[in-house]
Amino acid sequence: MQENNIEHLTDEEKTDRGLAKSVQINTFACENCGSTLSFDPASRRLKCASCGAEFPMPEPKAVMPIAYTGLSEQEYESWGGVKSVRCENCGATVTLKEFETANVCPFCSSPVVTDIDQIPGLKPNGVLPFAVSEKEAHASFIKWLKKRIFAPHKVKKNAKHTPMKGVYVPTWVFGSNVFCTYEARFGKHYTVTVGSGKNRRTVTRTRWFHVSGTLTYDVKDLTIEASKMITQSQLEKIGGFDMPAAVGYEEEYLSGFASERYSTGLNDSWVIAQGKICNALRNMVRARHPHDVEDYINIAPVYNGTTYKYVLAPLWVSGYKYRKRDYGFVVNGRNGKVAGKSPVSVIRAFLAGLLALAAAAGIGYLIYVLFV
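Residues numbered from 1 in each chain as written. Predicted model: local features only at pLDDT ≥ 70, side-chain atom pairs only at ≥ 80, totals over all residues. Heavy atoms only, no water.

**Some thoughts on the overall build of the protein**
Then, number 1: When helices and strands are counted, the protein shows 6 helices and 17 strands.
Then, number 2: In the protein, buried positions account for 43% of the 372 residues.
Then, number 3: In the protein, of all internal contacts separated by at least 6 residues, the share reaching a separation of at least 24 is 72%.
Then, number 4: When the accessible area of the protein is evaluated, it comes to approximately 20100 Å², of which 52% is carbon and sulfur surface. (Helix = DSSP H or I, 4+ residues; strand = E, 2+ residues; numbered from the N terminus. Buried < 20%, exposed > 50% of the residue type's maximum accessible area, 1.4 Å probe, protein only. Contact = heavy atoms within 4.5 Å. Areas by Shrake-Rupley, 256 points an atom, 1.4 Å probe, with all protein chains shown as cover.)

**Here we look at the pattern of salt bridges**
Then, number 1: Tallying each qualifying case throughout the model produces 7 salt bridges.
Then, number 2: Between D295 and R185 there is a salt bridge, with its nearest N and O atoms 3.0 Å apart. Of this pair, D295 sits in strand β15 (residues 293-322) while R185 is found in strand β11 (residues 165-194), placing the two residues 110 residues apart along the sequence.
Then, number 3: Its relative accessible area of 22% is what places R185 among the partly exposed residues.
Then, number 4: The partner of K309 in a salt bridge is D221, and the shortest N-O contact between them spans 3.7 Å. One end of the pair, K309, is in strand β15; the other, D221, is in strand β12 (residues 201-225), and 88 residues separate them in sequence. (Salt bridge = Lys/Arg side-chain N within 4 Å of Asp/Glu carboxyl O.)

**Regarding the nonpolar core**
Generally speaking, soluble globular proteins have nonpolar side chains that are buried together.
Then, number 1: Formed by 57 residues in total, the largest nonpolar core has its most connected members in F39, Y168, W172, F174, Y253 and W316.
Then, number 2: Secondary-structure elements contributing two or more residues to this core are β3 (37-40), β4 (45-48), α2 (134-146), β11, β12, α5 (266-288), β15 and β16 (325-332).
Then, number 3: Among the nonpolar cores identified, the runner-up in size contains 24 residues, and I238, F241, M243 and A313 belong to it. (Core = buried A, V, L, I, M, F, W, Y, C linked by side-chain atoms within 4.5 Å.)

**Focus on α2**
Then, number 1: In this model, α2 (13 residues) spans 18 Å end to end at C-alpha, consistent with the 18 Å of a helix rising 1.5 Å per residue.
Then, number 2: A137, H138, F141, W144 and L145 are the residues of α2 that are buried. For α2, the arc enclosing every buried residue in end-on projection is 120°, short of the 170-degree limit, so these residues lie on one face. Structural note: α2 exposes K135, K143 and K146 on the side pointing more than 90 degrees away from its buried face. (Expected span 1.5 Å × (residues − 1). Arc of directions from axis to C-beta.)

**Focus on the sheet that holds β3**
Then, number 1: The 3 strands lie next to each other as β3-β4-β5, forming an open sheet whose pairing is antiparallel. This sheet does not close on itself; its edge strands, each paired only once, are β3 and β5 (54-55).
Then, number 2: Judged from the 2 bridges that link them, β4 and β5 form a sheet pairing that is antiparallel. Considered in β5, the bridge of K47 is made with E54. (Pairing = 2+ DSSP bridges.)

**Description of the pairing of β3**
Then, number 1: Bridge count for β3 against β4 is 4 bridges, and the pairing is antiparallel. Across the sheet, L37 pairs through a bridge with C48, a residue of β4.
Then, number 2: Linking β3 back to β4 in an antiparallel pair, the connection comprises 4 residues, with R44 at a positive phi of about 55°.

**Things to note about the environment of D242**
Then, number 1: Within the element layout of this structure, D242 appears in the loop between α4 (232-237) and β13 (247-248).
Then, number 2: Taking the relative accessible area as the measure of exposure, D242 reaches 34% and is therefore partly exposed.
Then, number 3: Sequence spacing of D242 and L128 is 114 residues, and the spatial spacing of their C-alpha atoms is 8.2 Å.
Then, number 4: Once residues lying within four places of it in the same chain are set aside, the contact partners of D242 are L128 and R334.

**Some points on α5**
Then, number 1: The terminal C-alpha atoms of α5 lie 33 Å apart, and with 23 residues this matches the ideal 33 Å at 1.5 Å per residue to within 8%.
Then, number 2: Buried within α5 are the following residues: L266, S269, W270, A273, I277, C278, L281 and V285.

**So, the confidence of the model for the protein**
Then, number 1: Counting all residues, the mean pLDDT for the protein is 79, and 73% of those residues have values of 70 or more.
Then, number 2: Note on residues 1-26: pLDDT under 50 across the span, and 70 contacts to partners over four residues away in sequence or across chains. (pLDDT = per-residue confidence, 0-100.)

**Points about the pairing of β11**
Look at any regular strand and the pattern is simple: side chains alternate between the two faces of the sheet.
Then, number 1: Pairing of β11 with strand β14 (residues 258-260) involves 2 bridges; the strand directions are parallel. Paired with V167 across the strands is A258, a residue of β14.
Then, number 2: Counted between consecutive antiparallel strands, the loop separating β11 from β12 contains 6 residues, among which G195 sits at a positive phi close to 75°.

**Looking at the environment of R86**
Then, number 1: Structurally, R86 can be placed in strand β7 (residues 82-87).
Then, number 2: For the pair R86 and R261, spaced 175 residues apart in sequence, the C-alpha separation works out to 9.9 Å.

Laid out in structure tokens, this is it:
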């Protein structure tokens, strides 16, 4: 298997191989027919769509964590041999090998994609390969859409024709040994009887108490999305990513897929990670000291041996138009879970409201007949 060098191909040859149509990450050529190879999630091999030949992937290597020193990512070795293009419609930045072309954005399918200068930054040191095929991802999307009871019938009918694109999105994966001191003020409710005669009553009061102590927290594989096209909330909705299954970065895994460059840098992502760690520490304090109400929790975490990995994670992305509005969705390339928005049919929502009112009226009438 040899690297697919297209620098000397004619425009006609590029078109025949699909290299002049859209984002191309296929950098490897089939030894049998010369067509481009794509990573196949089912077989975990490189596969030729033209002749069906398959080729083995490199022996997977472990993703080695890198010590985080607080330095800016611009001070690390940059991702050489890669250029960037930016979509003028949605703002996504896609990374390509220097000889590749992109005429269509993989996220929004906009044809307005322009080359931009090389951006300083890090090269990924890990990849979480696709485990869900396009066919499986599409089936997950249709199943998800069918559960949207207010989605218009037309949208559900046309869902089978919705194209999908495989994209690797950037994530930072942090680890750290955290030692934390804390102090807090909690309260527990109790009841007392006060007054006498007609004024005798039970009231609830709060007994406040102070606590302090230390915690240790071994943070492993804390994943922070660094993509412009997916939020941390969406990442959690689709179940996150099984980062222990990530392998060392190899270009072969990107064959047939696009990849997005990170839009949130390493340092800013570590700030987000610390926020999540602090929330977890506060929850640990709450769990340690049973209480009914909380006044404050003060924590002072110290981070030791902090590391990071820059891992590309798999997503199937797509979108569709309905009444001149864009609706996008993503499918987790590891577990097939879906997150996105679907339009609401006004007629369906109205009919559902009428049915709810009719049901409420029927229940009310039944109660009246039985008990009045």
